[in-house]
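Fold and geometry: a report
The residues making up each chain are set out below.
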Amino acid sequence: MVLELPIAGIMTNLPAEEVAESYIKLDQRAKELGSKLRAPYMSLSFMALLVIPELKLSDKGLFNGKSFEFTDVFIE
């Protein structure tokens, strides 16, 4: 299951109804796999932004902004 974002990796040219349907299916699948987050994909998308200064998600893993180091701690 994939929702492609061909425009700069953040947008799609698909109709809103199709995007909503795909997002709902992806959200349900994440929860079936064990995610306890209310909105798993929205949570992930915000972790890379500056609005959450203490914890960042990068291609190298979780980064603690307070200690300025990568962490191997899992957060539930």
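It should be noted that the structure appears before, not after, this text.
The text that follows walks through the structure, step by step, so that each part is easy to find. (Residues numbered from 1 in each chain as written. Predicted model: local features only at pLDDT ≥ 70, side-chain atom pairs only at ≥ 80, totals over all residues. Heavy atoms only, no water.)

**With respect to the packing of aromatic side chains**
What counts, and what does not: Between 30 and 60 degrees the pair is tilted, below 30 it is stacked and above 60 it is edge-to-face, where a pair is any two Phe, Tyr or Trp rings, Trp via its six-membered ring, whose centres lie within 6.5 Å. Relative accessible area decides the class of each residue, using a 1.4 Å probe on protein chains only: under 20% of the type maximum gives buried, over 50% gives exposed, and in between gives partly exposed.
Following the criterion strictly, the structure yields 2 aromatic pairs and no others. Here the aromatic rings of F63 and F68 are separated by 5.1 Å at their centres, their planes lie at 85°, and the arrangement is edge-to-face. Residue F63 is classed as buried on the basis of its relative accessible area of 16%. Ring centres of F63 and F70 lie 5.0 Å apart, and the angle between their planes is 70°; on these two criteria the pair is classed as edge-to-face. The class for F70 is partly exposed, based on a relative accessible area of 45%.

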